[in-house]
Amino acid sequence: MLEGLLPGACSRLRIFLSYASEHRRLAEELAQTLKNSGHEVFFDKDSLAAGGDYNDRIRAEIRSSDRFVFLVSRSSLMDGRFTLSELQFAKERWPAPSGRVFPVMLDKTIMPEELPVYLCSVQALSIKGNATAEIAHEIDKTRSLRTGVLAGLGVVVLAIAAAGVALAWPKPSAEVAFSPPARIDFRPLVAPPDFGGQGDAWLK
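All figures in this text were calculated on a predicted structure; none of them were measured in a lab.

Student: Mind showing me how you'd approach the packing of aromatic side chains here?
Tutor: Each aromatic ring pair is specified by the distance between its two centres and by the angle formed by the two planes. Here the structure, examined in full by the defined rule, presents six aromatic pairs. With 6.4 Å between their ring centres and 70° between their planes, Phe82 and Phe89 make a pair best called edge-to-face. Assessed through its relative accessible area of 24%, Phe82 is described here as partly exposed. One aromatic cluster in this structure is built from Phe16, Phe42, Phe68 and Phe70.

The structure is reproduced here in structure tokens:
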């Protein structure tokens, strides 16, 4: 795969982490792990500049993201929590969430029927070992070369192909030499009939 041959920046993802404040520590660790893998991560709502509409700025961040990680807990599913608003923004961004939205079950007591319908349409990730390592691994499996990178590779391939054709095309000789014939004789090889006693006058 080309992804494995090219720098990680060629398949860098913009990831939005949605979490309840109770799980801020885990979100920080996950964000750092993803950054170490070369991804861009938005998780700290406090980093937003002051002013403007908060909802619009969060929606814009999600619209510009490639992946959305939702840390599922009873706190994040509680009515009135902004995590549910972020989930709605993600639904607007990806009506079909498969491969884009990653629900992570932090609370194993939550039953599937308690999840929003949107999250039930994708496989939730249940943590078995280290949470940050497992989540980062699932995200990394969805890496793909960006459209801009693919377009750039296409241009490079075409340039290389054109250069190869130019090198293989026979070059014209720098000098053209003309060799004069040893003799030019326009006389016929067979004597014409003798008309009017002219004899060999045709040879003169």
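Student: Even after reading the chapter, I still don't get the pattern of salt bridges, so can you show me in this structure?
Tutor: Working definition: two side chains of opposite charge can pair if their charged atoms are close together. For the structure shown, the criterion picks out 10 salt bridges. Salt-bridge contacts for Glu40 lead to Arg14; the nearest nitrogen and oxygen are separated by 2.8 Å. Of this pair, Glu40 sits in strand E2 (residues 40-42) while Arg14 sits in strand E1 (residues 14-18), and the two are 26 residues apart along the sequence. Take Glu40: its relative accessible area is 34%, and that puts it in the partly exposed class. For the salt bridge of Arg14 with Glu61, the shortest nitrogen-to-oxygen distance reads 3.7 Å. Here Arg14 is found in strand E1, whereas its partner Glu61 is found in helix H3 (residues 54-63), with 47 residues between them in sequence. Since its relative accessible area comes to 22%, Glu61 is described here as partly exposed.

Student: Before we go on, may I ask you to explain the packing of helix H2 (residues 24-36) against helix H6 (residues 131-140) in this structure?
Tutor: The packing of two helices is summarised by the inter-axis angle and the distance between the axes. Direction vectors running N to C along H2 and H6 enclose 45°, while the axes themselves pass 9 Å from each other. One element, H2, and the other, H6, form an angle in the oblique class. Here H2 runs over H6; the crossing is right-handed. Contact with H2, carried on its side by Leu26, Glu29, Leu30, Thr33 and Leu34, involves Ala131, Thr132, Ile135, Ala136 and Ile139 of H6 and no other residues of that element. Class assignment for the residues of the contact of H2 with H6 results in seven nonpolar, two polar and one charged.

Student: So what exactly am I meant to see when it comes to the packing of H3 against helix H4 (residues 82-93) here?
Tutor: Where H3 contacts H4, the two axes come as close as 9 Å, and the packing angle between them is 45°. The angle between H3 and H4 falls in the class oblique. In this structure, the crossing between H3 and H4 has a hand that is right-handed. Across the interface between the two elements, Tyr54, Asn55, Ile58, Arg59, Ile62 and Arg63 from H3 touch Phe82, Glu86, Phe89, Ala90, Glu92 and Arg93 from H4. Looking at the contact of H3 with H4, its residues break down into six nonpolar, one polar and five charged.

Student: Looking at this structure, how should I read the pairing of strand E3 (residues 67-72)?
Tutor: Residues in a regular strand project their side chains so that they alternate between the two faces of the sheet. Extensive coverage of E3 is indicated by the burial of six of its six residues. Side chains Arg67, Val69 and Leu71 of E3 all project onto a buried face; the interleaved residues Phe68, Phe70 and Val72 project onto the opposite face, where all are buried too. Taken together, the four bridges between E1 and E3 define a ladder with parallel strand orientation. Along E3, the bridge assignment pairs Leu17 with Val69. Sheet topology note: the E3/strand E4 (residues 101-105) ladder contains five bridges and is parallel. Across the sheet, the residue bridging to Phe68 is Val101, located in E4.

Student: Would you explain the side chain of Thr83 in this entry?
Tutor: Positionally, Thr83 belongs in helix H4. Residue class for Thr83 comes out buried when judged on its relative accessible area of 4%. Separated by 2.6 Å, the side chain of Thr83 and the backbone oxygen of Ser76 make a polar contact.

Cut-offs applied
Residues numbered from 1 in each chain as written. Predicted model: local features only at pLDDT ≥ 70, side-chain atom pairs only at ≥ 80, totals over all residues. Heavy atoms only, no water. Phe/Tyr/Trp six-rings, centres within 6.5 Å; stacked < 30°, edge-to-face > 60°. Buried < 20%, exposed > 50% of the residue type's maximum accessible area, 1.4 Å probe, protein only. Salt bridge = Lys/Arg side-chain N within 4 Å of Asp/Glu carboxyl O. Helix = DSSP H or I, 4+ residues; strand = E, 2+ residues; numbered from the N terminus. Axes fitted to C-alpha atoms, helices over the stretch in contact; angles between N-to-C directions. Parallel < 35°, antiparallel > 145°, perpendicular 65-115°, else oblique. Left-handed = near helix turned anticlockwise from the far one by under 90°. Contact = heavy atoms within 4.5 Å. Nonpolar A, V, L, I, M, F, W, Y, C, P; charged D, E, K, R; others polar. Pairing = 2+ DSSP bridges. Polar contact = N/O pair within 3.5 Å; in protein donor to acceptor, adjacent residues only side chain to side chain.

The values are spatial; any link to function lies outside them.
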